[in-house]
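One letter stands for each residue in the lines below.
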2 protein chains.
Amino acid sequence: MTTFFAPIRPKKISEEIVIQIKELISKGALKPGDRIPSERDLATMLGVSRPSVREAITILDAMGFLDSRQGGGTFVKVLTDETITDPLSKLVEQQDPEVLRALAEVRMGLEGWSAYLAAERATDEDIAELRRLCKIMKKEAARGGWDTDVDSQFHYAITAASHNSLQTHVLRSIHSLLHATIQVALTEFYKQNGFVDLLLTHHTNITEAIADHKPELARQRMVEHLSLVEEKMAELLAAKG
Amino acid sequence: MTTFFAPIRPKKISEEIVIQIKELISKGALKPGDRIPSERDLATMLGVSRPSVREAITILDAMGFLDSRQGGGTFVKVLTDETITDPLSKLVEQQDPEVLRALAEVRMGLEGWSAYLAAERATDEDIAELRRLCKIMKKEAARGGWDTDVDSQFHYAITAASHNSLQTHVLRSIHSLLHATIQVALTEFYKQNGFVDLLLTHHTNITEAIADHKPELARQRMVEHLSLVEEKMAELLAAKG
DNA sequence: GTGCGAGAATTGGTCATACCAATAACCATT
DNA sequence: AATGGTTATTGGTATGACCAATTCTCGCAC
């Protein structure tokens, strides 16, 4: 009897923008690392003024979804909360081989799963992208070289093909922990031992398993691939330590 | 070797204001319910422009410290411990079915991998613990009941048996996100449909696969198990929405 | 051709100003 | 005293301008 009428809350337009962008991120349309349009562009796109867009971005920045850099642009951050990565990053810093092994193992599980999901859901565009990256790697390999950036892109492309944005975020945060400390050192190692051909074969096989939509096979090949990488990584650390 | 120097980030002046106001609140100079000076007054007091003050207030608003009402003013909010700052939590708390599905899928990958590793490395003690929990669940199931706490313990025990502390850490943080929002609601659902027997069978089968040290089988059964759970969860959400 | 540095274009950060809309305080009427 | 309108205050939005950091590009020198 008392409340026939509910209180009316006129939504601020910045809130509307916040919701829109947040959805784009959760749906995976905006992936971590992506740069969103400039404030001025967004303003014209949405038909609002720059301050409104700016306020929305400020909120999302405070929430941890975005990161704005003056002159650079505004980027989508990885969503993984600090409770996951904070303790981990400290552990990784000390280069404890045991920790690195454990981390590589976690990555193995995650990337294997990404490959599995990718094989289930990859679109033709996803597959084309994977093949494109394979081709680039093949070229490099023919000269005995290896581009770790392309390598990374390949792995990211697989996660993207899983069409699960949360999987992308979680994996990306794990991957970055390893990438920073190890990947660079691996480059030299690969070249020395002529592993490039083997790596290329691995990548090609994974790609084909995904293209054929064989989840279990894709997962298995990814795990095998990462096992080799981890093995070599361990050797490298043992030699140095 | 790599980082003697930390990246320098010239602090935005809005950040400075945020810090100032946050301190005033934490010191108790600003109590919950208090109205802070108007944006225009603050701007002149601090010797900055209104947009800067406004940005600071926007951030504090998003953080939950302040509450602005057009025409009314800006007030200090009551500080609840519920103030969640993690981006992942922010996504989950809006109960978007799509996000929850994605999260459940991530969990599927992680727990499947945990089961795999557990099957490889489980000690006799680990296996004994799993069997003990199964026995408890069996007792409950005989009465048509289900204890979600024991259920959780079972899953945690498997991760523990993987003997990879990082895996445990990552999975636990993901799991907690789901647990908070869903698990409770599932309890009722299980009872209604007499699923307890099926769940018990799943758990038993997983345990035996681990005990027999059959990684691939354990993983597969875990994924199947969680697939069912996720399916039921989706039904539950669809019914509610 | 390759590498590098200066300059231009882009982009977020700040400021000033104006006006709109919601609120609250005040006041006059009843 | 209660009610309804008036007015001043306050946050919300819009516009335009300029600054500062970054990135890109292009031409120069090697």
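Counting restarts for each chain, with residues numbered from 1 along the sequence as it is written. Ligands are numbered from 1 and chains lettered from A, in the order in which they are written. Where local features are concerned, this predicted model is filtered to residues with pLDDT of at least 70; where side-chain atom pairs are given and counted, the filter is 80 or more; whole-chain, interface and lining totals use all residues. Excluding hydrogens and water, the side-chain figures rest on all heavy atoms present in the structure.

### So, the sheet that holds strand β2 (residues 66–69) of chain A
Residues and elements named next belong to chain A. Two strands are said to pair when DSSP picks up at least two bridges between them. Think of it this way: any DSSP run of H or I at least four residues long counts as a helix, any run of E at least two long counts as a strand, and we number them from the N terminus. Spatial strand order, β1-β3-β2: three strands in an open sheet with antiparallel pairing. With one partner strand each, in any of the chains shown, β1 (35–36) and β2 form the two edges of the open sheet. Of the pairings in the sheet, the one linking β2 to strand β3 (residues 73–76) comprises four bridges and is antiparallel in character. By the bridge assignment for β3, Asp-67 is matched with Phe-75. By definition in these notes, contact holds between two residues if any of their heavy atoms fall within 4.5 Å. Between N-to-C directions, angles span 0 to 180 degrees; the directions come from axes that are lines fitted to C-alpha atoms, helices contributing only their stretch in contact. Together, β1, β2 and β3 form the strand contacts of helix α3 (residues 50–63), whose direction differs from that of β2 by roughly 115 degrees.

### Description of the protein's contact with DNA strand D
Inspection of the region around DNA strand D gives 21 residues, with Ile-13, Ser-49, Pro-51 and Ser-52 of chain A together with Gln-70 of chain B positioned closest. Of all atoms in DNA strand D that approach within 4 Å of the protein, 57% are sugar or phosphate atoms. For DNA strand D, a base nitrogen lies 3.0 Å from a polar atom in the side chain of Arg-40 of chain B. In the analysis that follows, any N or O atom pair within 3.5 Å is treated as a polar contact, provided that within protein one partner can donate a hydrogen and the other can accept it, and provided that, for residues neighboring in sequence, both atoms belong to side chains. A distance of 3.4 Å is found between a phosphate oxygen of DNA strand D and a side-chain nitrogen or oxygen belonging to Thr-74 of chain B. Elements with a minimum of two residues in the surface near DNA strand D: α3 of chain A together with α2 (39–46), α3 (50–63) and β3 (73–76) of chain B. Per element, the largest residue contribution to the surface near DNA strand D is three residues, and it comes from α3 of chain A. In the scheme used here, Gly and all other residues not listed as nonpolar or charged are polar, with Ala, Val, Leu, Ile, Met, Phe, Trp, Tyr, Cys and Pro taken as nonpolar and Asp, Glu, Lys and Arg as charged. Partitioned by chemical class, the residues of the surface near DNA strand D number three nonpolar, 10 polar and eight charged. Any residue with a non-hydrogen atom lying within 4 Å of a molecule or strand is treated as near it.

### Re the interface of chain A and chain B
Taken together, the contact between chain A and chain B spans 43 residues of the former and 38 residues of the latter. Interface area for chain A against chain B, summed over the two sides, is near 3600 Å², with a carbon-plus-sulfur share of 63%. Accessible area that two parts lose when put together, with a 1.4 Å probe and added across both, is what the buried area reports. If you sort the residues of chain A by the area they bury against chain B, Glu-105, Trp-113 and Leu-166 of chain A come out on top, with a joint share of 17%. The term salt bridge refers to a side-chain nitrogen of Lys or Arg lying within 4 Å of a carboxyl oxygen of Asp or Glu. Put simply, chain A and chain B have seven salt bridges between them. Between Arg-54 of chain A and Glu-55 of chain B there is a salt bridge, with the nearest N and O atoms lying 3.3 Å from each other. Summed over the shared surface of chain A and chain B, the number is 10 residue pairs in polar contact (both at pLDDT 80 or more). Of all elements in the fold, only α1 (13–27), α3, α4 (82–93), α5 (97–121), α8 (165–192) and α10 (215–240) of chain A reach the threshold of two or more residues within the side of chain A that touches chain B.

### Regarding helix α2 (residues 39–46) of chain A
Residues and elements named next belong to chain A. Burial classes follow relative accessibility: with a 1.4 Å probe on protein chains only, a residue under 20% of its type's maximum area counts as buried, one over 50% as exposed, and anything between as partly exposed. Three or more residues of α2 are buried, namely Glu-39, Leu-42 and Ala-43. When α2 is viewed along its axis, its buried side chains cluster within an angular range of 105 degrees and face the same direction. Residues of α2 that are exposed and angled more than 90 degrees away from the buried face: Arg-40, Thr-44 and Met-45. Contacts made by the buried residues of α2 are with β1 and α3. Along the arc lie the directions from the helix axis toward the C-beta atoms.

### Side note on the domain arrangement of chain A
All names here are of chain A. As far as domains go, chain A holds domain 1 (13–76) and domain 2 (82–240). Contact residues are listed per partner, giving six residues for domain 1 and five residues for domain 2. Counting each side, the surface lost to burial between domain 1 and domain 2 is near 430 Å², with a carbon and sulfur contribution of 69%. Applying the counting criterion to the domain 1 and domain 2 interface returns zero salt bridges. In this assembly, domain 1 and domain 2 are joined by one residue pair in polar contact (both at pLDDT 80 or more). In terms of residue class, the side of domain 1 that touches domain 2 is built from two nonpolar, two polar and two charged. The split of the chain into domains comes from an automatic or database domain assignment.

### Section: the environment of Glu-129 of chain B
If you trace the backbone, Glu-129 of chain B turns up in helix α6 (residues 124–142). Separated by 53 residues in the primary sequence, Glu-129 of chain B and Val-76 of chain B place their C-alpha atoms 50 Å from one another.

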